[in-house]
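What follows is each chain in one-letter form.
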Amino acid sequence: MQTTTRVAVIGGGVVGCSVLYHLTKLGWSDVMLLERSELTSGSTWHAAGGFHTLNGDTNMAALQGYTIKLYKELEKITGLSCGLHHVGGVTLADNQERFDMLVAERAKHRYMGLETEIVGPEEISKIAPVTNIEGVIGGLYDPLDGHLDPSGTTHAYAKAARMAGAAIETHCKVLQTTQRSDCTWDIVTNKGSIHAEHIVNAAGLWAREVGAMAGIYFPLLPMEHQYIVTEEVPEIATIIDAGGEHPHVMDPAGESYLRQEGRGLCIGFYEQPCRPWSINGTPWDFGHELLPDDFDKIEDSIAFAYKRFPSLERAGVKSVIHGPFTFAPDGNPLVGPVPGMRNYWSACAVMAGFSQGGGVGLTLAQWMIEGEPERDVFAMDCARFGKWITPGYTVPKVIENYQRRFSVSYPNEELPAARGVRRTPMYDTFSAMGAVWGAQFGLEVPNYFAQADEPDFETPSFRRSNVWEATKREVKAVRQAVGINEVHNFSKFLVTGPNARSWLDRVMAGRIPQQGRLSLTPMLSPKGKLIGDFTVSCITEDTFQLTASYGSQEYHHRWFLQNMEDRVQLENISDRRNGFQIAGPRAAELLQACTSTPVHEIKFLDVREMVVGSTACLVQQVSYTGDNGFEIYCDPMAQRALWDTLWTAGQPLSITPFGMRAMMSLRLDRFFGSWMSEFSPDYTAAETGLDRFISFKKNTDFIGRASAEAERTTPPTRQLVVFEVAATDADVVAYEPVFIDGEVQGFCTSGGYSHHADKSIAFALVPRSCVTDTLAAEIEILGQRCAAKRLLEPLL
């Protein structure tokens, strides 16, 4: 066994072997894989082996498409068979809401180049003849769906990696991982020690145990999963004898997936009475075992399946596969550099390994070798969970996710499991005022405030929801008088030290302000992609506060640490500094009533340390609503006192609390983009208009400068524009296709309804060559093409 390597991949399932292969594919050959038993000894060997492209996140769907197309390449490289069956698949809808979701997914696929189609009941009965279409109103057909041989595919990845120089060591159990002072790793195994520059944790069922060796908690949990293989089914035998294959059928109402297996059928369930497995840790001696059959758990699911697929009831059971596989709290993988660690990478919690494994391997290899993935992968970035997460949060969220595997996912839905984990001092006060809560990065955030005659629960919907009037009321209150909400849903970083300014000049693309001022600035990757949208406030010459997206704080913190310099101190103070924003035409009047500081002297983008009531605060004149407004920061211990001051003084001014639903409506009026919608690592500053905040005059080689300069010379091919949409009862959410001259030429990044202007608004990326002042288009919303016209001026 070799004793040094550039990368040690721990885990020999499909994901670990994919990572190993992709590292070699991108040029690193000094890599090795360590497997405690034989390849495929974890969840891989008993997987059903299905693959599909359908995913609510478009980048995840694209990576799944890459994975599926990769299998033929592996077969060609290695001469091994992956056992591919590209039979296609149809997802059924038995109610309008589920059908709306499928129609919305089909719309996304239009600009992604995926050849899915909406089909009716009669077509479904022809495509999938074992299906009873009673109660089915339609479905989504995907010709790329299929299944494969899990073992053959994993060994194909492994052979392709070996052919490119990688080493694979089986029966090599990792016992200990220790980091050296130079951030490389010593790995102790039962076969000896290995010195590695990088570790990749792809240990699957044992990822928690391997992570714990380095002091890392991975929020994942194995769940028991059961599927059944039948004896011969006459209808399937007839199809086979005629030279055909039966496609996959996903039946969300029955929480099941079905496919052909030999001359019979294979059906698996995501049952409601599900069970987590090995909550406190996976036994090291577990491997090729299966769990005992448990038909009681899936009794109701089987009864439903007999109605949907009558052939099943007449078929004998050939085998039952009941084994564990891992989930993260939201069902997406945990991939990327682990925050707070150097040279430690995650590739675990990949519950759909044969749909996602290739994309995970490609993404991680790009990240390690090229410094960043080619697309926005925040949906599976392990930085999307913070250090606050514990098993007490992970377990109920994983159970919830498993139970909702086939549930309709609504754009306005707030899930109930593990709520109230993190609350600010205002939680009880706001609850008493009718706050209806959402969650962001584990933190409770008011979505709106319900009055006596307004709903205290927002019904999930693809259309305009039942809190339309409550949101409208809050929007009008802000625009006409003064509104107040917390600033807790911003991340906050404190940067200090003699080199603070020069460091910020390098990591931020925009101008770094002088003392007492703030600036807005994008943060770029080396390739010029947007990785942050920051407000930088200069409190003193060597003290700065940075604010950005609360949910991206670990992502940003990791980037800052990766690019840190001497004589700079960085602190994440997101939960150590809170306060309120006040906005509206009477905001200045309200602030003046609470302070002796002359408020009229505070200009737009000014930053002041001042006392508000009895509370020492940092106040800056800026507002995401676009009104005359102020952000007022304080110590959370003083937040209730600050609230009493502002709320009392605001009574004669018609002060109104407002939530995130109103905030996201208000930002539309001013054409303010939103992080991870208009601004994300998928886009550049020039594409989105953030290049106007880049300081090309500053004498600093800021990160991403060369790429940003190149776009000044050669503008990008697409441009962000704002449309007014002739929508009826539903507005743009994201990724709806934009038709220009009858063809799909762009897509929406976000949208909604402006209650101030009474207009439906959409942000969209379209070809720059098409952009004119009078640009007209059509935007598909829930299957309907709605006329859209470009807006040039904010809706004042």
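Before reading on, note that the structure itself is shown above.
Everything numeric here is computed off the predicted structure, so don't read it as measured data.

Reading guide: rules and limits
Residues numbered from 1 in each chain as written. Predicted model: local features only at pLDDT ≥ 70, side-chain atom pairs only at ≥ 80, totals over all residues. Heavy atoms only, no water. Helix = DSSP H or I, 4+ residues; strand = E, 2+ residues; numbered from the N terminus. Rg over C-alpha atoms; globule rule 2.2 N^0.38 Å. Buried < 20%, exposed > 50% of the residue type's maximum accessible area, 1.4 Å probe, protein only. Contact = heavy atoms within 4.5 Å. Areas by Shrake-Rupley, 256 points an atom, 1.4 Å probe, with all protein chains shown as cover. Lys, Arg positive; Asp, Glu negative; His and termini not counted. Charge placed at Lys NZ, Arg CZ, Asp CG, Glu CD. Pairing = 2+ DSSP bridges. Axes fitted to C-alpha atoms, helices over the stretch in contact; angles between N-to-C directions. Core = buried A, V, L, I, M, F, W, Y, C linked by side-chain atoms within 4.5 Å. Salt bridge = Lys/Arg side-chain N within 4 Å of Asp/Glu carboxyl O. Phe/Tyr/Trp six-rings, centres within 6.5 Å; stacked < 30°, edge-to-face > 60°. Lys NZ or Arg CZ within 6 Å of the ring centre and 35° of its normal. Parallel < 35°, antiparallel > 145°, perpendicular 65-115°, else oblique. Nonpolar A, V, L, I, M, F, W, Y, C, P; charged D, E, K, R; others polar.

Draft legend 1. Local environment of the overall build of the chain. Within the chain one finds 20 helices and 37 strands. For a compact globule of 796 residues, the expected C-alpha radius of gyration is about 28 Å, and the chain comes in at 27 Å, within 12% of that figure. Seen through its C-alpha atoms, the chain measures out along the principal axes to roughly 85 × 60 × 50 Å. For the chain, with 796 residues in total, the buried portion stands at 62%. In the chain, once contacts between residues fewer than 6 apart in sequence are set aside, the share between residues at least 24 apart is 72%. Accessible surface for the chain amounts to roughly 29,500 Å². Of this, 50% is attributable to carbon and sulfur atoms. The averaged location of the 95 negative side-chain charges in the chain is 5 Å from the averaged location of its 70 positive side-chain charges.

Draft legend 2. Inspection of the sheet that holds strand E33 (residues 737–740) at higher detail. With antiparallel pairing, the six strands of this closed barrel are ordered in space as E32-E35-E34-E33-E36-E37. With strand direction ignored, the average angle separating the axes of adjacent strands in the sheet is 45°. Those strands touched by helix H3 (residues 96–112) are E33, strand E34 (743–754) and strand E36 (776–781), and its axis lies near 135° from that of E34.

Draft legend 3. Examining helix H15 (residues 553–562) more closely. Most of H15 is tucked away, with eight of its ten residues classed as buried. Turning to H15, its buried residues number three or more, namely Gln553, Glu554, Tyr555, His556, His557, Arg558, Trp559 and Phe560.

Draft legend 4. Layout of the nonpolar core. In this structure, Val9, Leu23, Leu74 and Val200 are the most contacted members of the largest nonpolar core, which totals 44 residues. Sorting elements by how many residues they give to this core places helix H1 (residues 14–25) first, with seven residues. Those residues in contact with Val9, other than ones at most four positions away along the chain, are Gly16, Val19, Leu20, Leu23, Met32, Leu33, Leu34, Val200 and Ala202.

Draft legend 5. Inspection of unusual backbone geometry at higher detail. Phi is positive for Asn343, which is not a glycine, with a value near 65°. With respect to the secondary-structure elements, Asn343 resides in the loop between strand E17 (334–337) and strand E18 (344–348). For Asn343, a relative accessible area of 17% puts it in the buried group. The phi angle at Phe671 is positive, at roughly 60°, despite the residue not being glycine. Turning to its location among the elements, Phe671 is positioned in the loop between helix H18 (660–669) and helix H19 (685–688). Judged by relative accessible area, which is 18%, Phe671 ranks as buried.

Draft legend 6. Up close: the side chain of Arg667. In this structure, Arg667 sits in helix H18. Classification of Arg667 by relative accessible area gives buried; the value is 2%. If near-sequence neighbours (up to four positions away) are discounted, Arg667 is found in contact with Tyr624, Phe672, Gly673, Ser674, Glu678, Ser750 and Phe763.

Draft legend 7. Expanded view of the sheet that holds strand E5 (residues 117–119). Taken together, eight strands build an open sheet; the order of strands is E5-E6-E4-E13-E14-E15-E12-E16 and the sheet is mixed. Every other strand in the sheet has two partners, leaving E5 and strand E16 (317–327) as the edge strands with one partner each. Geometrically, the sheet is characterised by an average inter-axis angle of 25° between neighbouring strands, direction not taken into account. Sheet contacts for H3: strand E4 (89–93), E5 and strand E6 (138–142); angle to E6, the most-contacted strand, approximately 30°.

Draft legend 8. Examining the pattern of salt bridges more closely. Counted according to the given criterion, the structure contains 45 salt bridges. Between Glu780 and Arg110 there is a salt bridge whose closest N-O contact spans 2.6 Å. Of the two residues, Glu780 sits in strand E36 while Arg110 sits in helix H3, which places them 670 residues apart along the sequence. Asp505 is paired through a salt bridge with Lys698; the nearest N and O atoms lie 3.1 Å apart. A residue pair is termed long-range when its members are at least 10 positions apart, and Asp505 in helix H14 (residues 500–507) and Lys698 in the loop between H19 and helix H20 (705–713) qualify at 193 residues. In terms of burial, Asp505 and Lys698 fall into one category: buried.

Draft legend 9. Spotlight on the packing of aromatic side chains. Inspection of the entire model under this criterion finds 30 aromatic pairs. Plain terms: the ring middles of Tyr111 and Tyr735 are 6.3 Å apart, the flat faces sit at 15° to each other, and that makes the pair stacked. Linking Tyr111 in helix H3 with Tyr735 in the loop between strand E32 (718–725) and E33, this pair joins segments that are 624 residues apart in sequence. Judged by relative accessible area, which is 19%, Tyr735 ranks as buried. For the ring pair Trp468 and Tyr753, a centre distance of 4.5 Å and an interplane angle of 50° mean the geometry is tilted. Residue Trp468 is found in helix H13 (residues 468–480), and its partner Tyr753 is found in strand E34; the two are separated by 285 residues along the sequence. When its relative accessible area of 23% is taken as the criterion, Trp468 is described as partly exposed. Taken together, Tyr257, Tyr270, Phe325, Phe327, Tyr402 and Phe406 form an aromatic cluster joined through their ring pairs. Across from the ring centre of Trp206, 4.3 Å away, lies the NZ or CZ of Arg36, which sits over that ring. Between Arg712 and the ring centre of Phe696, over which it is positioned, the NZ or CZ distance is 4.1 Å.

Draft legend 10. Structural context of the packing of helix H2 (residues 58–78) against helix H10 (residues 353–370). It is the contact of H2 with H10, at a shortest axis distance of 7 Å, that shows an interaxial angle of 100°. The pairing of H2 with H10 is recorded here as roughly perpendicular in orientation. Contacts between H2 and H10 involve Met60, Leu63, Gln64, Tyr66, Thr67, Leu70 and Tyr71 from the former and Gly353, Phe354, Ser355, Gln356, Gly357, Gly358, Gly359, Leu362 and Thr363 from the latter. For the contact of H2 with H10, the residue count by class is seven nonpolar, nine polar and no charged.

Draft legend 11. Just the environment of Tyr270, in detail. One can find Tyr270 in the loop between strand E15 (264–269) and helix H8 (299–308). Residue class for Tyr270 comes out buried when judged on its relative accessible area of 6%. Placed 218 residues apart in sequence, Tyr270 and His52 show a C-alpha to C-alpha distance of 17 Å. When sequence neighbours within four positions are dropped, the list of residues in contact with Tyr270 reads His225, Glu255, Tyr257, Phe325, Phe327, Met351, Tyr402, Arg405 and Phe406.

Draft legend 12. Region of interest: the pairing of strand E37 (residues 784–791). Note that E32 and E37 share four bridges and pair antiparallel. In the sheet register, Val725 faces E37, and the bridge partner there is Ala788. Here E36 runs beside E37; their pairing, made up of six bridges, is antiparallel. Among the inter-strand pairings, Glu778 is bridged to a residue of E37, identified as Ala787. Hairpin remark: E36 followed by E37, antiparallel, with two residues in the connecting loop; positive phi at Leu782, about 50°.

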